[in-house]
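For reference, the chains in residue letters:
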Amino acid sequence: MDLKEKIDSLRLPKHIAIIMDGNGRWAKSRGEMRVFGHQNGVESVRQTSTAAAELGVEFLTLYAFSTENWKRPKCEVDALMSLLVQTLNSELGTLMENNIRLKAIGNINKLQPDCYKQLLETMDKTSGNNRMDLILALNYSGRWEISQAAARIAAEVKAGNLDPEKINQDVFESYLETHNIPDPELLIRTSGENRISNFLLWQAAYSELYFTPKLWPDFRKDDLYEAILDYQNRERRFGMISEQIK
Ligand code: IPE
Ligand code: IPE
Ligand code: MG
């Protein structure tokens, strides 16, 4: 029986989030420039997105560029941005064929203008698709997201539109980039690093974490299936005890 058939479709995570890591090391191990790794990561994005959509996953969030990634050498940042533009363009067909709607979270209007424009265009063209939302985290970090939410809430209070007594977790969540998106049940990180790196800090409060040594450009459909199977063998207790779950 192949891995895909072992997956219980009734217990599928609705939302999977992935920290796509290890592109640079993948390229280095081949004696290539880091950008070669990023280029080869595109196939992994294609495979993972189509596999998730085929399974019936409703939301797939991919961490593509963090607010800290601006600190990388300028030539790498520029290469990543132009790869993004190229990929959004070349993958439109894949998104349409698979009925996938593209969305983005992060401080996207601070991306380079051509990137921002291409992103809006691809989001617009795919806006009628409804099998799965593919959410790119771009110029995103959890601390940025939480602090901008706090600033916007404070402004609403100051303007007299929001009673501070009414602020609770639901209200706070409505100011996050991910409002209307359920928290990810499963959070995957490739490349063997066991950290969150400022991704979905609020939303991952109870996510099941899955770390794999595979470098992102090597990640294929079967790797996604393996992560989901691992997730399906866990017990999520949300602070309760085992007996209460059953
Ligand atoms: C992930 O791969 C891609 C981005 C962060 C944009 P890296 O570029 O971080 O690759 P490593 O971790 O250095 O190998
Ligand atoms: C996390 O990877 C960011 C993305 C995958 C976009 P990094 O490679 O930037 O994370 P650190 O620096 O190893 O924590
Ligand atoms: Mg990295």
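Just above, that's the structure.
Keep in mind it's a predicted model, so treat the numbers as computed, not measured.

K.L.:
Quick question: what am I supposed to make of the site of ligand 2 here?
P.N.:
Lining the immediate environment of ligand 2, one finds Ile-19, Met-20, Asp-21, Tyr-63, Ala-64, Phe-65, Ser-66, Asn-69, Arg-72, Arg-189, Arg-195 and Ser-197. At a separation of 3.2 Å, an oxygen atom of ligand 2 approaches a polar side-chain atom of Arg-72. Contacts to ligand 2 include Arg-195, whose side-chain N or O atom sits 2.8 Å from an oxygen atom. Across the complex, the protein chains shield 78% of the 390 Å² of accessible surface that ligand 2 would expose by itself. It is strand E2 (residues 59-66) that contributes the most residues to the shell around ligand 2, four residues altogether. Its residues assigned to classes, the shell around ligand 2 comprises five nonpolar, three polar and four charged.

K.L.:
What is the right way to look at the nonpolar core in this model?
P.N.:
Burial of nonpolar side chains together is a common tendency in soluble globular proteins. By size, the foremost hydrophobic cluster in this structure holds 43 residues, and its most contacted members are Ile-16, Ile-18, Leu-119, Ile-188 and Leu-224. Not counting the four nearest positions on each side in its chain, Ile-188 is found in contact with Ile-16, Ala-17, Ile-18, Ile-19, Tyr-210, Thr-212, Phe-219, Leu-224 and Ala-227.

K.L.:
Would you explain the site of ligand 1 in this entry?
P.N.:
Around ligand 1 sit 13 residues, and of these Asp-21, Gly-24, Arg-25, Arg-34 and Arg-72 come closest. In this structure, an oxygen atom belonging to ligand 1 sits 3.4 Å away from a main-chain N or O atom of Gly-22. In this structure, an oxygen atom belonging to ligand 1 sits 2.7 Å away from a side-chain N or O atom of Arg-25. Here ligand 1, which alone exposes 380 Å², has 87% of that area covered by the protein. Elements supplying a minimum of two residues to the shell around ligand 1: helix H2 (23-28), helix H3 (34-55) and helix H4 (74-90). Here the shell around ligand 1 takes three residues from H2, the largest share from any one element. Taken together, the residues of the shell around ligand 1 sort by class into three nonpolar, five polar and five charged.

K.L.:
Can you walk me through the packing of aromatic side chains in this structure?
P.N.:
Applying the stated criterion to the full structure yields eight aromatic pairs. Ring centres of Tyr-63 and Phe-199 lie 4.2 Å apart, and the angle between their planes is 10 degrees; on these two criteria the pair is classed as stacked. With Tyr-63 in strand E2 and Phe-199 in the loop between strand E5 (186-189) and strand E6 (208-211), the pair connects residues that are 136 residues apart, well separated along the chain. Taken as a pair, Tyr-63 and Phe-199 share a single burial class, namely buried. Joined through ring pairs, the aromatic side chains of Tyr-63, Tyr-140 and Phe-199 make up one cluster. The ring of Trp-26 has Arg-30 lying over it, and the distance from NZ or CZ to the ring centre is 3.8 Å.

K.L.:
Hey, could you run me through the pattern of salt bridges in this one?
P.N.:
Opposite charge on two side chains lets them pair, provided their charged atoms get close. Here the structure, examined in full by the defined rule, presents 21 salt bridges. Among the ionic pairs, Glu-43 bridges to Arg-46, the shortest N-O distance being 2.2 Å. You can see Glu-43 and its partner Arg-46 sitting in helix H3, three residues apart, about one turn around the helix. Residue Glu-43 is classed as partly exposed on the basis of its relative accessible area of 28%. In this structure Arg-46 comes out as partly exposed when scored by relative accessible area, which is 29%. A salt bridge links Glu-208 to Arg-234; the shortest N-O distance between them is 3.0 Å. Residue Glu-208 is located in strand E6, and its partner Arg-234 is located in the loop between helix H9 (221-232) and helix H10 (242-245); the two are separated by 26 residues in the primary sequence. Judged by relative accessible area, Glu-208 falls into the buried class, the value being 15%. The structure contains a network of salt bridges with shared partners spanning Asp-21, Arg-25, Arg-189, Glu-193 and Arg-195.

K.L.:
Is there a simple way to explain the pairing of E6 in this structure?
P.N.:
The side chains of a regular strand alternate between both faces of the sheet. Side chains of E6 alternate between two faces, with Glu-208 and Tyr-210 buried and Leu-209 and Phe-211 left unburied. Examined bridge by bridge, E5 and E6 share four bridges and lie parallel to one another. The residue bridging Arg-189 from the neighbouring strand is Phe-211, located in E6.

K.L.:
Is there a simple way to explain the pairing of E2 in this structure?
P.N.:
The buried count for E2 comes to seven of eight residues, which makes it a mostly enclosed element. Note that E2 and strand E4 (residues 132-140) share seven bridges and pair parallel. Bridging from a neighbouring strand, Ser-66 pairs with Tyr-140 of E4.

The rules behind these values
- Residues numbered from 1 in each chain as written.
- Chains lettered and ligands numbered in written order.
- Predicted model: local features only at pLDDT ≥ 70, side-chain atom pairs only at ≥ 80, totals over all residues.
- Heavy atoms only, no water.
- Near = heavy atom within 4 Å.
- Polar contact = N/O pair within 3.5 Å; in protein donor to acceptor, adjacent residues only side chain to side chain.
- Areas by Shrake-Rupley, 256 points an atom, 1.4 Å probe, with all protein chains shown as cover.
- Helix = DSSP H or I, 4+ residues; strand = E, 2+ residues; numbered from the N terminus.
- Nonpolar A, V, L, I, M, F, W, Y, C, P; charged D, E, K, R; others polar.
- Core = buried A, V, L, I, M, F, W, Y, C linked by side-chain atoms within 4.5 Å.
- Buried < 20%, exposed > 50% of the residue type's maximum accessible area, 1.4 Å probe, protein only.
- Contact = heavy atoms within 4.5 Å.
- Phe/Tyr/Trp six-rings, centres within 6.5 Å; stacked < 30°, edge-to-face > 60°.
- Lys NZ or Arg CZ within 6 Å of the ring centre and 35° of its normal.
- Salt bridge = Lys/Arg side-chain N within 4 Å of Asp/Glu carboxyl O.
- Pairing = 2+ DSSP bridges.

These figures come from the coordinates and say nothing about function on their own.
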